[in-house]
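One letter stands for each residue in the lines below.
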Amino acid sequence: MKTIAILPARKGSKRIKHKNIIDFNGKPMIFWPIKVLKESKIFDEIYVSTDSPDIQSLAIKYNVKCPFLRPKSLSNDKTNTIDVVKHLIDYLKSKNIKPKLVCCVYPTSVFINESILLKGLKKLNENNFDFVFTASKIDSRFLRSFYLDNFSK
């Protein structure tokens, strides 16, 4: 049983063209979370799920796995992250790789650090949660926001 990280890196973006590979501090944006994931030594394997040959090439260059190009049906504006992660997990299971823990990190998470990863892992283990995710408090609601009601943890 392996602990794996998955970076869902679609080539299309409506707001910022090629955002996953745009230059950020001298490197493609996807480089920074990959670097942290590798240096943390938390994960047995790191995978990139993408529909882009350019992103696949970068994944290979940075010594992470990208065994296929994601199908078009999972690469559009309406595709959700859960379906992308599930697709890669199903692929791994078909290869007799059974993940014990899966961590999804967005390729634009340039400020992620080992401390954040360890806090998430601790929450999972201490509370027997199925999943955890990061969020930030905002003063007003907008597209893709949510609110907590009677949350005690």
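Scoring rules and cut-offs
Residues numbered from 1 in each chain as written. Predicted model: local features only at pLDDT ≥ 70, side-chain atom pairs only at ≥ 80, totals over all residues. Heavy atoms only, no water. Helix = DSSP H or I, 4+ residues; strand = E, 2+ residues; numbered from the N terminus. Rg over C-alpha atoms; globule rule 2.2 N^0.38 Å. Buried < 20%, exposed > 50% of the residue type's maximum accessible area, 1.4 Å probe, protein only. Areas by Shrake-Rupley, 256 points an atom, 1.4 Å probe, with all protein chains shown as cover. Disulfide = S-S within 2.5 Å. Pairing = 2+ DSSP bridges. Axes fitted to C-alpha atoms, helices over the stretch in contact; angles between N-to-C directions. Polar contact = N/O pair within 3.5 Å; in protein donor to acceptor, adjacent residues only side chain to side chain. Contact = heavy atoms within 4.5 Å. Arc of directions from axis to C-beta.

## Here we look at the overall build of the protein
Counting its secondary structure elements, the protein contains 4 helices and 5 strands. Taken over the C-alpha trace, the protein has a radius of gyration of 16 Å; the compact-globule value for 153 residues is 15 Å, and the two agree within 12%. In terms of principal-axis extent, the alpha carbons of the protein reach across some 45 × 40 × 30 Å. The 153 residues of the protein split such that 37% are buried. Roughly 10,700 Å² of accessible area belongs to the protein as shown, and the carbon and sulfur atoms make up 53% of that amount.

## Overview of the state of the cysteines
In the structure shown here, the tally under the stated rule is 0 disulfides. Left unpaired, C103 is separated from the closest cysteine sulfur, that of C104, by 7.3 Å. The buried category is assigned to C103, whose relative accessible area is 18%. Among the residues examined, C104 registers a relative accessible area of 31% and is labelled partly exposed.

## Digging into the sheet that holds strand β5 (residues 99–104)
Ordered in space as β4-β1-β5, the 3 strands form an open sheet in which the pairing is parallel. Lying at the two open borders of the sheet, with one neighbouring strand each, are β4 (45–50) and β5. Across this sheet, the average inter-strand angle for adjacent strands is 30°, counted without regard to direction. As judged from the 6 bridges shared by strand β1 (residues 2–9) and β4, these two strands associate in the parallel manner.

## A look at the side chain of S75
Of note, S75 is situated in the loop between α2 (53–61) and α3 (81–94). S75 sits in the buried class, given a relative accessible area of 11%. Within the structure, S75 has its side chain in polar contact with the backbone oxygen of P71 (distance 2.9 Å). Residue contacts for S75: discarding those within four places in its chain leaves R10, D51 and R70.

## Here we look at the environment of S94
Within the fold, S94 resides in helix α3. Residue classification places S94 among the exposed positions, given a relative accessible area of 57%. When the C-alpha positions of S94 and A9 are compared, they lie 22 Å apart, and in sequence the two are 85 residues distant.

## Observations regarding α2
Listed in full, the buried residues belonging to α2 are I55, Q56, L58 and A59. Down the axis of α2, the smallest arc covering the buried residues is 160°, so these residues share one side. Across α2 from its buried face, at more than 90 degrees, point the exposed residues D54, I60 and K61. Contacts made by the buried residues of α2 are with β1, β3 (27–28) and β4. Positive backbone phi, at 60°, marks N63, one or two positions downstream of α2.

## Description of the environment of L88
One can find L88 in helix α3. Put simply, L88 and K2 are 86 residues apart on the chain and 14 Å apart in space, counted from C-alpha to C-alpha.

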